[in-house]
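# Breakdown of the fold
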Amino acid sequence: MIASPVAHDPASEIFSLNPDLDVPALAKAYARDGRIEIRDLLSAGGADRLRSHLLDRRDWTIVMNAGDRVWEMAEPALAELTGDQRRTLDDKLYRSAGRGFQYRFRTIRIDDDRARRGGSLLDRFADFMNGAAMLDLLNRVTDTDIDFVDAQATRYEQGDFLTAHDDAVEGKHRHAAYVFGLSPDWRPEAGGLLLFHGDDGQIDGGFTPAFGALRLFRVPTLHSVSFVSPIASSGRLSITGWLRRTAGQD
Ligand SMILES: O=C(O)CCC(=O)C(=O)O
Ligand SMILES: [Fe+2]
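One structure accompanies this document, and this report is about it. (Residues numbered from 1 in each chain as written. Chains lettered and ligands numbered in written order. Predicted model: local features only at pLDDT ≥ 70, side-chain atom pairs only at ≥ 80, totals over all residues. Heavy atoms only, no water.)

## Here we look at the side chain of S229
Looking at the secondary structure, you find S229 in the loop between β12 (223–225) and β13 (236–244). Aside from chain neighbours lying at most four places away, what touches S229 is Q158, E189, A190 and G191. (Helix = DSSP H or I, 4+ residues; strand = E, 2+ residues; numbered from the N terminus. Contact = heavy atoms within 4.5 Å.)

Spelled out as structure tokens, the structure:
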């Protein structure tokens, strides 16, 4: 099943915020640390539905970079490669990752323009991220006045990763990054960890993939997603994007 339409059902009726969030405590922690985890972001059921929806989707795109260029491949095309071709691709990717910025993961992009979104549950989640209740929560926790949240679904399979970067892109006006985790029962040793890098080359902290938790961190912050190891029994599923201020910008 692809992108099942959810007719006549506004985002706020499908997803709602957990009413028990301690916003002042979250804001205090974010101000202190520049990052925060909001466990159980949604009322019961929302994250489960989203995960099931993403597991049903067949329109994932594999994205990887070659230097400054982005390479994409529809996921089913990977299955058509021979074992040798896949190994050659992996070798190139890992050699390049050893030298500089590199990534490979799978994505379903969501249009920034709400009017151009379809009716899938994923599209509705993007609508919800831009609804009044969520924007208010995000602004209170991060003490900003963002007015737009972009979004994409991501899946990191074994061997996928994202090396260190700080998310700052000129003209995008990103104030914070977010990762909404949809991976239950994830073991840290399976990799796919969101790691925060200290100036001294040590790890300042990080998050193990989780289910239903929203992780927020300030831009710029140096971070990476560690290699998903061969012991991972499923893909690392998330919805991720940035909190942005568009009003008053060109
Ligand atoms: O998925 C994550 O934990 C972080 C992803 C990320 O850093 C990015 O897409 O820029
Ligand atoms: Fe990032």
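Structure's up, so let's keep going.
## What to know about the pairing of strand β11 (residues 211–218)
For β11, a buried count of 6 out of 8 residues is recorded, marking the element as mostly surrounded by other parts of the structure. Across 6 bridges, the pairing between strand β8 (residues 174–182) and β11 is antiparallel. When the sheet's bridge partners are listed, Y178 is paired in β11 with L216. (Buried < 20%, exposed > 50% of the residue type's maximum accessible area, 1.4 Å probe, protein only. Pairing = 2+ DSSP bridges.)

## Examining the coordination of the iron ion (ligand 2)
Bound to the iron ion (ligand 2) on the protein side are H165 (NE2), D167 (OD) and H223 (NE2), at distances that span 2.1 to 2.3 Å. Donor residues for the iron ion (ligand 2), ordered by position in the chain, follow H-x1-D-x55-H. Residue D167 is located in the loop between β7 (161–165) and β8, and its partner H223 is located in strand β12; the two are separated by 56 residues in the primary sequence. Of the two residues, D167 and H223, neither departs from the other in class, the shared state being buried. (Donors = N, O, S within 2.8 Å, 3.2 Å for Na, K, Ca; no water.)

## Brief notes about the packing of aromatic side chains
Across all of its chains, the model carries 12 aromatic pairs by this definition. Look at F125 and F180: their rings are 5.3 Å apart centre to centre, the planes differ by 20°, and that puts the pair in the stacked class. Remark: F180 occurs in strand β8 and F125 occurs in helix α6 (residues 121–129); sequence separation between them is 55 residues. Judged by its relative accessible area of 0%, F125 is buried. A connected cluster of aromatic rings, assembled from ring pairs, spans F15, F125, F128 and F180. Positioned over the ring face of W60 is R155, at 5.0 Å from the centre of the ring. Looking at R236, its charged tip hangs above the ring of Y156, at a distance of 5.0 Å from the centre. (Phe/Tyr/Trp six-rings, centres within 6.5 Å; stacked < 30°, edge-to-face > 60°. Lys NZ or Arg CZ within 6 Å of the ring centre and 35° of its normal.)

## A word on α6
Across the 9 residues that make up α6, a large majority, 9, are buried. The complete set of buried residues in α6 reads L121, L122, D123, R124, F125, A126, D127, F128 and M129.

## Focus on the site of ligand 1
Neighbouring ligand 1 are the residues L162, H165, D167, V179, L194, H223, V225, R236 and W242. Within the side chain of H165, an N or O atom sits 3.0 Å from an oxygen atom of ligand 1. When isolated, ligand 1 has an accessible area of 290 Å², and the protein chains bury 95% of it. Mapping ligand 1 onto the cavity grids shows that it belongs to the largest pocket. Sorting the residues of the shell around ligand 1 by element identifies β7, β12 and β13 as the ones contributing at least two each. For the shell around ligand 1, the residue count by class is 5 nonpolar, 2 polar and 2 charged. (Near = heavy atom within 4 Å. Polar contact = N/O pair within 3.5 Å; in protein donor to acceptor, adjacent residues only side chain to side chain. Areas by Shrake-Rupley, 256 points an atom, 1.4 Å probe, with all protein chains shown as cover. 1 Å grid on protein atoms, 1.4 Å probe; cavity = no way out; pocket = protein on both sides within 12 Å on 5 of 7 lines; lining within 4 Å. Sits in = over half its atoms within 2 Å of the grid points. Nonpolar A, V, L, I, M, F, W, Y, C, P; charged D, E, K, R; others polar.)

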